[in-house]
Every structure is written in C-alpha cells, then in structure tokens.
Amino acid sequence: MRHGHEAGEVTLGGRRVGVERPRVRSADGLTELPLETYAHFADRDPLTRLVLERMLAGVSTRRYRRTQEPVGAGVEQAARSTSKSAVSRAFVERTRGALAELMSRRLDDVRLAVLMLDGIELQGRTNIVALGITTEGVKIPLGLWEGSTENATVATALLSDLVDRGLDPEQAVLFAIDGAKALRKAIRAVFGNAPVQRCVRHKERNVLEHLPERDRPAVKRRLRDAWAQPDHERALDRLQALAAELAPAHPGAAGSLREGLEETLTLNRLGISGPLKRTLESTNPCESMISCIRRTSSNVKRWQSGAMALRWTAAGMLEAQQQFRRIIGYHDLAKLITKIEQQTTPTPNPTPTEEAATLIPA
C-alpha cells in the first residue's frame, strides 16, 4: 500500500535530477518495499558510464556540460553532478573499476598463441602493457605495470602477475617485443626458453638511424628483402652479409643490425610465412592498442601520480578492446603452436618472488 512520498534522484541525460518518489509498504504496514522502476532510474551506473565514454572520446571536464542532451531549462537549473569536480570524481570512480577489472581477470582458461609486450611513456612515467592473442586470433588486454622506466623488474612483475592469475607458463607461446633487453630478460626469468620474435620495424628504424639519408632507401630495401625470405638460413646469410658491408663505413648500423639478429628471424625459423608472418613480425597489434591509450588520454596535461597513469592506461586498453578484430592470418596459429612445441624444450620456471607479488597495483 502507498506510504507517502520522499525526495529522491534519478539519472537523466548525463545528470542527476531531483524527483519526488512514492513510498510503498507491505499490506501489514511493517515493511517498506523497494520499487524496481525507481531503482532502475536512480542507478548511478549509466551516469558514470556516460562520463567515461565522453572523456575517453576527448571531452574535457570543463566542456562536459555542453555535450549533454537538452532536458528543459527548469530541469537543467535543478540538475546535479555536472560540475567539473563531480565529473572528475565520476571518471576516477569508473576508471578505478576498469583497472580493478583488468588486473583481476582470471587467465586459467585462456589459451594464448602470442603474447606481446611494450611500454608507453606518460610524461616521465612508464607503463608496460601486455596484449595476448589467443589460438583463435582474438586479441585480449592482459594487464599492465607501472614503473619509472621500462626495466626488467617492472616487466618481471607484470609477467609474474599474469602467471599468478592463472596463465600457464608451460604452454607454447610466441613472445613479440620491440627489442628492449629488459623485456627479454623478464621473459627468460618467468617463461624460460620461450621463443621471442623481435619487431623488425623497430630493428629497421634503429639501423637506418645510424645511416645518412642517401643510404637509407637501399639498406631498407635489402633489410625487407632478407626478412621476407621463407628460408631461415638464406635470410640470415643476407642479413649477416649486409652487416659486414656496413661495418667499415657505418659500424653503428652494423652493430645495431647484429644485436639480436637471430630473434628477428624467429618466425622464419619456425616456418611461418604469409599473412600471419606479416602480422606477428612486428609489434603493430600492441602499438595499435597503445595508440588508443594515447588518443583517449590526450587531454591529460599533468600526470599527478602513478595510480592516475594506471587508471587511464587500463581504461584505454579496455576501450581499445571494443575495437579489436581477429588478427590477419589467424588460421595458421595452430601451425605456429605446433612448430613451437616441436622446437622448444621446456625448462623449469622460477616461482614468482614475494617481492614481485608485493608490486601488484592496489
């Protein structure tokens, strides 16, 4: 039965609007009953979700009010939760939830074929992000870790956290990295003798930066011709010959090419060719996710803390996930897994240290 009215609030057009809500009691008058319709419209989740979507789309807190749908002058005057500070609080709440969601995902049932690692720098703060590609070609943001630089300790903590959340370190996985020695060291520490594919685009840029402009087109063409060779030994011979030719006049370029040379040919060694090789020989899938993070956080002028950087990065990763498609060449991922299992001898993996466990973001 009815039991009068009281003041309440509902979410309308990205704002909170005051209403008079009816109260209802049970027939015996002892218990007040909730109204499902009021609970639906009073829920704050649509408000915080709208704030998150608009801010990730580039709307600043100062301009948020301009993006709201019209609801009439009278309602607008009485509306709440549209100020700069209120929008900021709603965004912090939502991104804190996004970070918790990402870092608490269980990975027990995830069967990965590829794991990509890369770093994103945010005004002196570095987050290392992990992107997984399943055996069906689906891209999944796996996690992130914050540090001052892209160092081995941070990368090891990230990989150890993935294992703690259920990722099987014994499964055959190809790691794709940009060539950072810290990432390579972390992979060896946590996953042992796992195959690593160095990004050929990063290697190409590193080599060309040591050369004068006039020599770059010819060297670039020879690099790409060598990496395109289906035969591993032939590709290796061509790259070694190029390094030998560059050494007298451009020792820096030759040294850059020789450093980690074998790992730029991991896919060639595994016998992977065609569209899948072109997809996995670079870290472009992970770079695409990082580009989304940079785009969604472009309005941030000052990173106040590591927690803020983690929240924005996690929100950007989950936003990028909504745009993901299967990778090109995913039909050959089963072949990749088979080749890795045939050519890789598993080694014992160290247990993640207590020190790494204490670094898990709150």
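Cut-offs and rules
- Residues numbered from 1 in each chain as written.
- Predicted model: local features only at pLDDT ≥ 70, side-chain atom pairs only at ≥ 80, totals over all residues.
- Heavy atoms only, no water.
- Buried < 20%, exposed > 50% of the residue type's maximum accessible area, 1.4 Å probe, protein only.
- Helix = DSSP H or I, 4+ residues; strand = E, 2+ residues; numbered from the N terminus.
- Pairing = 2+ DSSP bridges.
- Right-handed = clockwise from strand over helix to strand, strands pointing away.
- Patch = residues over 30% accessible without salt bridge, like charges linked within 9 Å, V, L, I, M, F, W, Y side chains within 5 Å.
- Areas by Shrake-Rupley, 256 points an atom, 1.4 Å probe, with all protein chains shown as cover.
- Salt bridge = Lys/Arg side-chain N within 4 Å of Asp/Glu carboxyl O.
- Lys, Arg positive; Asp, Glu negative; His and termini not counted.
- Charge placed at Lys NZ, Arg CZ, Asp CG, Glu CD.
- Axes fitted to C-alpha atoms, helices over the stretch in contact; angles between N-to-C directions.
- Parallel < 35°, antiparallel > 145°, perpendicular 65-115°, else oblique.
- Left-handed = near helix turned anticlockwise from the far one by under 90°.
- Contact = heavy atoms within 4.5 Å.
- Phe/Tyr/Trp six-rings, centres within 6.5 Å; stacked < 30°, edge-to-face > 60°.

Trainee: So, the pairing of strand E7 (residues 174-177): which residues are in play, and what are the values?
Mentor: Burial along E7 is two-sided: the face carrying Leu174 and Ala176 and the face carrying Phe175 and Ile177 are both buried. Judged from the three bridges that link them, strand E4 (residues 112-122) and E7 form a sheet pairing that is parallel. Directly across from leucine 115, in E7, lies its bridge partner phenylalanine 175. Pairing geometry for E7 and strand E8 (residues 196-198), over three bridges, is parallel. Paired with alanine 176 across the two strands is glutamine 197, which belongs to E8. In the classification by handedness, the crossover that spans E7, the intervening helix H6 (residues 181-191) and the parallel E8 is right-handed.

Trainee: Explain a negative patch on the surface to me, and be specific about the residues and the numbers.
Mentor: Taken together, the side chains of Asp231, Glu233, Asp237 and Glu262 define an acidic patch exposed on the protein surface. Take aspartate 237: it is sitting in helix H9 (residues 232-246).

Trainee: How would you explain the pattern of salt bridges if you had to name every residue and give the values?
Mentor: Under the definition given, this model contains 15 salt bridges. Residue glutamate 204 pairs with arginine 201 through a salt bridge whose shortest N-O separation is 3.5 Å. In this pair, glutamate 204 and arginine 201 are both assigned in helix H7 (residues 200-208), three residues apart and thus about one turn of the helix distant. Owing to a relative accessible area of 5%, glutamate 204 belongs among the buried residues under this scheme. A salt bridge links arginine 214 to aspartate 215; its shortest N-O distance comes to 4.0 Å. By relative accessible area, which is 25% here, aspartate 215 ends up partly exposed.

Trainee: Before we move on, can you summarise the packing of H9 against helix H10 (residues 251-258) with the specific residues and values?
Mentor: One way to put it is that H9 packs onto H10 with a least axis distance of 8 Å and a crossing angle of 160°. Considering the angle they form, H9 stands roughly antiparallel to H10. As H9 packs across H10, the resulting crossing turns out to be left-handed. Note on element contacts: H10 touches H9 through Pro251, Ala253, Ala254, Leu257 and Arg258, opposite Leu239, Leu242, Ala243, Ala244 and Leu246.

Trainee: Summarise the packing of aromatic side chains; cite the residues concerned and give the values.
Mentor: Scanning all chains against the criterion turns up three aromatic pairs. With a centroid separation of 4.5 Å and an interplanar angle of 45°, the aromatic rings of phenylalanine 91 and tryptophan 312 are classed as tilted. Linking phenylalanine 91 in helix H4 (residues 84-103) with tryptophan 312 in helix H14 (residues 306-321), this pair joins segments that are 221 residues apart in sequence. Taking 6.4 Å as the distance between ring centres and 90° as the angle between the ring planes, the aromatic pair formed by tryptophan 303 and tryptophan 312 counts as edge-to-face.

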